[in-house]
Amino acid sequence: MDHSVLQVVLLHIAVCFCSLQRQDNSVFPPTFLNVSKNPAHQQLLLEWDVNDEAYNSEKQMIFNIQINQTGANNVVWDKNYTTTLNKSNRPIRWRWVAREPMECMSYALRIRSLVISKDVPVSESWSDWTKLKEVKGLDIEDSNSYIFPKNKVVEEGSDVSFCCIGKKGENISALRFGDRTETSQRRMVFTVNNVSLSKPGGTIVHCEGSELWTLTFVTRPPGEPKDLSCETEDNVTLNCAWQPGSEDNLAGKHSVEFILSDRSNGTTYCHQQPSKNSCSFKIGHQTTYDLRLTAKNALGYKHTYLSFDVAHRVHPAPPFELSVFARSATAIELYWKRKHNLELLCQIKSHHPDGKVDLHNISYSTKSYTVSGLQPYTEYTFQVRCGASQHFWKWSKWSESVTERTKESAPSGHLDVWRSMSPGLDSCTITVFWRPSPSFHANGKIKTYEIFWEMLGEYPMSKEVPAPDNSTMLFLDNCSGNITVLAKNSVNSSPPSVIVISAASENDHAWEINTHTSKEDSVNNTEAGIYISWEPQSQFDGYIIDWCNHPRVQPCDFQWKKFGRNQSSALITSDAFRPGVQYSFRVYGSHGNTASLLEKKAKYLKELKPEGIPELHVDTVNSRFLTLTWDYDHLNESHRGFIRGYCVFVKDKYGNCMLEGSEKLIIQDGVVICKYTIEEPAKKTLTVKDPGLNKEYWFEVLAFSTSLPNITDDLIKGTAPHIKKVTTPSDVSGIAVALKSPIPV
């Protein structure tokens, strides 16, 4: 081949190859169509284009976007945006979200492009930059002052930027957000990090140095509403209610709005603020609903749903104007009204005085009912509620309550009857006591008690005692016979309660006078109870204990308690029992209606130290012996404990204790005291042997109950009136006289 022809061919091939290579790596410079601001969302909106060839070949391109702050000469954004071109996305759109409010500053933008190719390095294939496109802000304004954003709603925990722009000559000294402060000059941009919830009226933002201020509302997206429920009480109006899914901290137009709508037909029934979590609307001809409840605020929305048939959501209004009428001693009739004419079943609640509650179900639609099986002369409180008889859903609220008392009937059960006898020479006085027994029911208001007695050899007698008395005295010639007690109301009398007083009781116990009273300690007592025990006897079917709660006053509050045949001890309790008070208990064995005294006991809840000091006398004084006596009523029931003996304390003027038979006690400052202990409460005398000549002694006598007394300051000082001071004779003549007198034993 000719050399020149070969050169031409090679040159043509190279030109074609270069042309093809240039076509695959063409540069398609972008051109701006539009740049705009969306201040509400702090966005710049960009639109640009490239030539048709790039779209026709559906090039994959990279656009490098650079955004500068005008005047600050700093790049705030320099990143790439990659897209594949086609006619459906022409022109090319892109948005940028600024950190600061869009009005606060001016921006300048430029773009360059690159066709993505594997053969050509990126750095060698970028187009030239477009000319800068400016978007002006209010920072170039001199005639007015501005603050941004205004009245914006933001989410709790987010970072929010603010700016203040002062007019010409105005210096912004600080921007204050709530209690946070930032200082600057004419223009300020301030970012608050992790903002906290606002008060209901919002958080104040203030540009100090000017009069600029605004509000920012910091809140949360709404929570999903809870407990959506709908019901009707009349089949005319549907009432829906719900609970907010989260607490709303804002008020007014920025608070959460609730929208109730029907998904089946698009109807919106109501728009409600959170202060009213309910909605009511007419039912019309629609019977089924597919409801959607939307909670909505500026940060978002949440839905909840409810589908139902109205016939299954009937919740009647409570019955009203409830009235009652006592038909008998055991039945009360109730009447009520209903707000709407619906087919209902009802329920009656009756409250007993003891707190018991009965429910009476009525399975048919009615406006009256008779409650039976009640107790006579008892006050009951009634309420009524109703529910739909078909497709029952829930009961109405209870009606207002009404109270009525059943009529009286004759008393039922027996009275608990007991007696106390006081014998005389030719007569006796019987005090009869009574009280309701556990089985007794007055069944009305007791007006009187009827007492009947028939004593041996005498005509029957009777008397009426008005209520509320619970005892009466009978003055009788003898104490053998029957006594009957009945309680009487306006209808009739109770069954008779009988006690029998037999001659055997009188003879066996000598009218209770000579029965020994045992004095017992308080070992098994409690803080409020006195322990009593007795010897059981097989001929008795039960036992009775009686006592007085207040033995030192009259009336003494007479009490009694009954026990079974297998019991031989009891803890008698009473709020009236007090330490230091002696109580007398009588234990009886009972057989049928008769009773016989078994034991008499004197006991204390707790024994205390005796009060009062015995009156001391010195009967004989000589050198061989001294005779002491004292007066003290150790049997007096007013003592604060049983008197178990006495202690005689003797002090020698010179502090010695040389007396025969005494116990030597050494007390403070080495003082020596002689002590005699007498453990016989009836013995009230002491002989002190060999007191000696010309000796001066001080004597003190103290009674004791459960524990021995201590030496008193009165004896040590010798100043109290009850301290007896005795001086023995000082001459021999006194000894001679004493020798003629025998020493008492």
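On a predicted model such as this, the values are computed, not experimentally measured, just so you know.

Along the protein chain, the regular secondary structure elements total five helices and 51 strands. Here the C-alpha radius of gyration of the protein chain, 56 Å, is well above what a compact globule of 745 residues would show, namely 27 Å. Dimensions along the principal axes, computed over C-alpha positions, put the protein chain at roughly 190 × 90 × 70 Å. Counting every position in the protein chain, which comprises 745 residues, the buried fraction comes to 43%. A separation threshold of at least 6 residues defines the contact pool for the protein chain, and within that pool the share at least 24 residues apart is 64%. For the protein chain, the computed accessible surface area is about 40100 Å², with 49% contributed by carbon and sulfur atoms.

Read across the sheet, four strands follow the order E4-E3-E6-E7 without closing on themselves; strand pairing throughout is antiparallel. The open sheet is flanked by strand E4 (74-84) and strand E7 (133-135), the only strands paired with a single partner. If you compare each strand with its neighbour and ignore which way they point, the axes differ by 25 degrees on average. Note that strand E6 (residues 107-115) and E7 share three bridges and pair antiparallel. Bridge pairing in E7 links Tyr107 to Val135.

Right, let's get into the pattern of salt bridges. Following the criterion strictly, the structure yields 19 salt bridges and no others. Here Arg220 and Glu156 are joined by a salt bridge, their closest N and O atoms 2.9 Å apart. Separated by 64 residues along the polypeptide, Arg220 in the loop between strand E15 (213-219) and strand E16 (226-231) and Glu156 in the loop between strand E9 (152-155) and strand E10 (160-165) bring together distant segments of the chain. Exposure remark for Arg220: the relative accessible area of 36% places this residue in the partly exposed category. Classification of Glu156 by relative accessible area gives partly exposed; the value is 34%. Between Lys601 and Glu520 there is a salt bridge, with its nearest N and O atoms 2.6 Å apart.

Counting 30 residues, the largest nonpolar core has Leu44, Leu46, Trp48, Tyr107 and Leu109 as its most contacted members. Secondary structure elements with two or more residues in this core: strand E1 (31-38), strand E2 (43-49), helix H2 (52-56), strand E3 (60-69), strand E5 (92-97), E6, strand E8 (146-148) and E10.

Our focus in this paragraph is the pairing of strand E35 (residues 481-488). Within E35, six of the eight residues are buried, which leaves the element mostly enclosed by the surrounding structure. Sheet analysis places strand E32 (residues 448-455) next to E35, joined by eight bridges and oriented antiparallel. Across the sheet, the residue bridging to Glu454 is Asn482, located in E35. Pairing analysis gives five bridges linking E35 to strand E36 (residues 497-501), with the strands arranged antiparallel. Along E36, the bridge assignment pairs Val485 with Ser497.

Once that is clear, we can look at the packing of aromatic side chains. Under the counting rule described, the total for this entry stands at 28 aromatic pairs. Connected via pairs of aromatic rings, a cluster forms that spans Trp77, Trp94, Trp96 and Tyr107. It is Lys394 that lies over the ring of Trp393; its NZ or CZ is 4.3 Å from the centre. A cation over an aromatic ring shows up here: Arg405 above the ring of Tyr377, its NZ or CZ 4.5 Å from the ring centre.

What follows is about the confidence of the model for the protein chain. Overall, the prediction assigns the protein chain a mean pLDDT of 86, with 90% of residues at 70 or greater. Taken element by element, the predicted model of the protein chain shows its lowest mean pLDDT in helix H5 (residues 732-740) (43) and its highest in strand E39 (residues 542-548) (97). Contacts of residues 8-24 to residues separated by more than four positions or lying in other chains number two contacts, the stretch itself having pLDDT below 50. For residues 734-742, every residue scores under 50 in pLDDT, and the model assigns this stretch ten contacts once sequence neighbours within four places are set aside.

Strand order across the open sheet formed by three strands is E23-E24-E27, with antiparallel pairing between neighbours. Taken across any chain shown, the strands that pair with only one partner, and hence form the sheet edges, are strand E23 (320-326) and strand E27 (368-371). Each neighbouring strand pair of the sheet contributes to a mean axis angle of 20 degrees, computed without reference to strand direction.

On inspection of all chains with the given rule, the structure shows eight disulfides. Shown here is the disulfide that connects Cys104 with Cys163, its sulfur atoms set 1.4 Å apart. On the sign convention where negative means left-handed, the S-S torsion of about -75 degrees between Cys104 and Cys163 marks this disulfide as left-handed. Note that Cys104 is positioned in the loop between E5 and E6 and Cys163 in strand E10, a separation of 59 residues in sequence. With respect to class, Cys104 is no different from Cys163; both count as buried. With a sulfur-sulfur separation of 2.2 Å, Cys270 is cross-linked through a disulfide to Cys279. Across the S-S bond linking Cys270 and Cys279, the dihedral sits near -135 degrees, which makes this disulfide left-handed. Exposure class is identical for Cys270 and Cys279. Each is buried. We note that Cys647 lacks a disulfide partner, and the nearest cysteine sulfur, in Cys674, lies 13 Å from it.

Calculation notes
Residues numbered from 1 in each chain as written. Predicted model: local features only at pLDDT ≥ 70, side-chain atom pairs only at ≥ 80, totals over all residues. Heavy atoms only, no water. Helix = DSSP H or I, 4+ residues; strand = E, 2+ residues; numbered from the N terminus. Rg over C-alpha atoms; globule rule 2.2 N^0.38 Å. Buried < 20%, exposed > 50% of the residue type's maximum accessible area, 1.4 Å probe, protein only. Contact = heavy atoms within 4.5 Å. Areas by Shrake-Rupley, 256 points an atom, 1.4 Å probe, with all protein chains shown as cover. Pairing = 2+ DSSP bridges. Axes fitted to C-alpha atoms, helices over the stretch in contact; angles between N-to-C directions. Salt bridge = Lys/Arg side-chain N within 4 Å of Asp/Glu carboxyl O. Core = buried A, V, L, I, M, F, W, Y, C linked by side-chain atoms within 4.5 Å. Phe/Tyr/Trp six-rings, centres within 6.5 Å; stacked < 30°, edge-to-face > 60°. Lys NZ or Arg CZ within 6 Å of the ring centre and 35° of its normal. pLDDT = per-residue confidence, 0-100. Disulfide = S-S within 2.5 Å.

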